[in-house]
Amino acid sequence: MKNKISILDTTLRDGSYTIGYQFSLQDNVIISSGLERAGVELIEIGHGTGLGSSRKSNTQAYSDVEYMKSVRDTIKKSSYGFFFIPGIGNSNDLKLLADHGGGFIRIGVSIENYHEAKKYIKLSKKLKIKFWINLMKSYVYTPQEFSEFAKNCFLDGAEGLYLVDSAGGMLPRDVSLYIEAAKSTLEKINAKNFHLGFHGHENISMGVACALAAVESGATIVDGSLLGIGRSIGNSPIETLGIVLKKAGFSSKVDQWQLSALADKTIRP
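Given the structure is predicted, the values throughout are model-derived calculations rather than measurements.

Quick notes on the rules
Residues numbered from 1 in each chain as written. Predicted model: local features only at pLDDT ≥ 70, side-chain atom pairs only at ≥ 80, totals over all residues. Heavy atoms only, no water. Helix = DSSP H or I, 4+ residues; strand = E, 2+ residues; numbered from the N terminus. Rg over C-alpha atoms; globule rule 2.2 N^0.38 Å. Contact = heavy atoms within 4.5 Å. Areas by Shrake-Rupley, 256 points an atom, 1.4 Å probe, with all protein chains shown as cover. Buried < 20%, exposed > 50% of the residue type's maximum accessible area, 1.4 Å probe, protein only. Arc of directions from axis to C-beta. Axes fitted to C-alpha atoms, helices over the stretch in contact; angles between N-to-C directions. Parallel < 35°, antiparallel > 145°, perpendicular 65-115°, else oblique. Left-handed = near helix turned anticlockwise from the far one by under 90°. Nonpolar A, V, L, I, M, F, W, Y, C, P; charged D, E, K, R; others polar. Polar contact = N/O pair within 3.5 Å; in protein donor to acceptor, adjacent residues only side chain to side chain. Salt bridge = Lys/Arg side-chain N within 4 Å of Asp/Glu carboxyl O. Core = buried A, V, L, I, M, F, W, Y, C linked by side-chain atoms within 4.5 Å. Pairing = 2+ DSSP bridges. Right-handed = clockwise from strand over helix to strand, strands pointing away.

*Asks:* I'm lost on the overall build of the protein in this one. Help?
*Replies:* The number of helices and strands found in the protein is 9 helices and 8 strands. Here the protein has a C-alpha radius of gyration of 17 Å; the compact-globule value for 269 residues is 18 Å, and the two agree. Taking the principal axes of the C-alpha coordinates as reference, the protein spans close to 45 × 40 × 30 Å. Intrachain contacts of the protein at a sequence separation of at least 6 include 76% that bridge at least 24 residues. With an accessible surface of roughly 11500 Å², the protein has 51% of that area assigned to carbon and sulfur atoms.

This is the structure in structure tokens:
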């Protein structure tokens with residue numbers, strides 16, 4: 001068996017784009033509890049554009065805190081978190097997340113505005129919230145730029161860095177180049193506990209193939225959502241990811257059959 005791979009589910013966050021950010025509190029309870037039973041350890045919730053978005057728009061069905069409470073009071077073993085874009089979310093949002101049992105954030109940035117995330121990185125450490133850096137539209141940078149950015153994220157104390165195929169147009173060979181370059185750089189600085197991740201979309205139906213290429217090249221965490229529900233064409237279906245990773249010889253805690261049943265009972269209707 002190859003390395004253990006973590007699968008993060010983003011149904012309740014990225015999937016919210018497709019329904020105008022209208023997931024109910026009952027949806028949050030049913031889906032998060034089902035994901036936990038299926039072995040998903042990381043569950044991302046909230047508005048599609050992240051923590052604090054309700055201040056920018058009145059479209060969200062419930063407040064961030066209401067979503068936090070609904071999931072916090074439901075799951076026991078899994079960890080829940082939010083997406084976070086500096087300027088949309090603020091320090092008070094992070095404190096609210098910590099106060100309500102949230103375990104992680106994913107900070108969406110470009111290399112050019114990474115400096116804007118520095119104060120939130122410091123606060124996340126203080127609040128003991130785990131954080132990954134999501135390099136949005138990663139494909140506009142070279143693999144070498146991505147690898148150097150990975151080193152900077154490690155030195156700043158991040159849990160890891162995500163290669164993000166925001167437009168869903170990358171090919172598996174492209175993904176491998178980025179992950180391999182970053183892994184090589186990280187090995188040189190002995191960054192053993194730093195995780196590389198991949199977030200894909202299915203615009204050209206290559207998201208799952210790209211996720212497999214990512215883990216074959218050294219990534220240890222990939223994203224999916226039930227039935228692939230997500231912005232634009234959608235994300236990689238988490239139930240398919242579970243099957244593909246198992247067939248490829250990777251270990252994960254997810255039960256793909258439970259995930260398939262959950263998708264059919266909740267998202268498909």
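*Asks:* Looking at this structure, I do not really get helix α4 (residues 118–127). What am I missing?
*Replies:* The periodicity of an α-helix, 3.6 residues per turn, causes residues three or four positions apart to be oriented the same way. Residues Tyr120, Ile121, Leu123 and Ser124 constitute the buried set of α4. Axial view of α4: buried residues confined to an arc of 165°, hence all on one face. For α4, the exposed residues lying more than 90 degrees away from the buried face are Lys119, Lys122 and Lys126. On its buried face, α4 sits against β3 (79–84), α3 (91–99), β4 (104–109) and β5 (130–135). Just downstream of α4 lies lysine 128, where phi reads positive at about 60°.

*Asks:* So what exactly am I meant to see when it comes to the packing of helix α1 (residues 25–37) against helix α9 (residues 256–266) here?
*Replies:* Geometry of a packed helix pair, given as the angle between the helix axes and the separation of the axes. Put simply, α1 and α9 touch, their axes get as near as 9 Å, and they point 165° apart. Relative to α9, α1 is oriented roughly antiparallel. In the packing of α1 onto α9, the handedness of the crossing is right-handed. Counting all contacts with α1, which are made through Ile30, Ile31, Gly34, Leu35 and Arg37, the residues of α9 involved are Gln258, Leu259, Leu262 and Thr266. Looking at the contact of α1 with α9 residue by residue, the classes come out as 5 nonpolar, 3 polar and 1 charged.

*Asks:* I would appreciate a short explanation of the side chain of asparagine 235 in the present structure.
*Replies:* Mapped onto the secondary structure, asparagine 235 falls in the loop between β8 (221–224) and α8 (238–247). Separated by 3.4 Å, the side chains of asparagine 235 and histidine 199 make a polar contact. At 3.4 Å, the side chain of asparagine 235 forms a polar contact with the backbone oxygen of glycine 200. If sequence neighbours within four positions are ignored, asparagine 235 has contacts with Thr10, Asp14, His199, Gly200, His201, Glu202, Ser225, Gly228, Ile229 and Gly230.

*Asks:* Would you take a moment to explain the pattern of salt bridges for this structure?
*Replies:* Oppositely charged side chains can form a pair if their charged atoms are brought close together. Tallied over the entire structure, the rule returns 11 salt bridges. A salt bridge links aspartate 264 to arginine 268, with the nearest nitrogen and oxygen atoms 2.8 Å apart. When its relative accessible area of 38% is taken as the criterion, aspartate 264 is described as partly exposed. Judged by relative accessible area, which is 53%, arginine 268 ranks as exposed. Taken together, the shared-partner salt bridges in this structure form one network comprising Arg13, Asp14, Glu44, Arg106 and Asp223.

*Asks:* Explanation requested: unusual backbone geometry in the structure shown.
*Replies:* Most peptide bonds adopt trans geometry, and most residues besides glycine take a negative phi value. For tyrosine 21, which is not a glycine, the phi torsion comes out positive at approximately 60°. Positionally, tyrosine 21 belongs in the loop between β1 (6–12) and α1. Note on tyrosine 21: relative accessible area 19%, which makes it buried.

*Asks:* Any chance you could explain the nonpolar core here in plain terms?
*Replies:* General note: in soluble globular proteins, nonpolar side chains tend to be found buried as a group. The biggest cluster of nonpolar side chains holds 69 residues, and the ones touching the most others in it are Ile107, Ile133, Leu161, Phe194, Val222 and Leu226. Apart from residues lying up to four places away in sequence, phenylalanine 194 is in contact with Ala150, Cys153, Phe154, Ala158, Glu159, Gly160, Leu161 and Leu186. Core analysis: the second largest hydrophobic core is formed by 7 residues, Leu8, Trp132, Tyr162 and Val164 among them.

*Asks:* Would you mind showing me how to read the pairing of β4 here?
*Replies:* Taken residue by residue, a regular strand's side chains alternate between the two faces of the sheet. Across the 6 residues that make up β4, a large majority, 6, are buried. The alternating pattern of β4 places Phe104, Arg106 and Gly108 on one face and Ile105, Ile107 and Val109 on the opposite face, and all of these are buried. The sheet contact formed by β3 and β4 spans 4 bridges and is parallel. Within β4, the residue paired with phenylalanine 82 across the bridge is isoleucine 105. Regarding topology, α3 serves as the crossover connection from β3 to the parallel β4, and that connection is right-handed.

Spatial relationships are all this shows, so hold off on functional conclusions.
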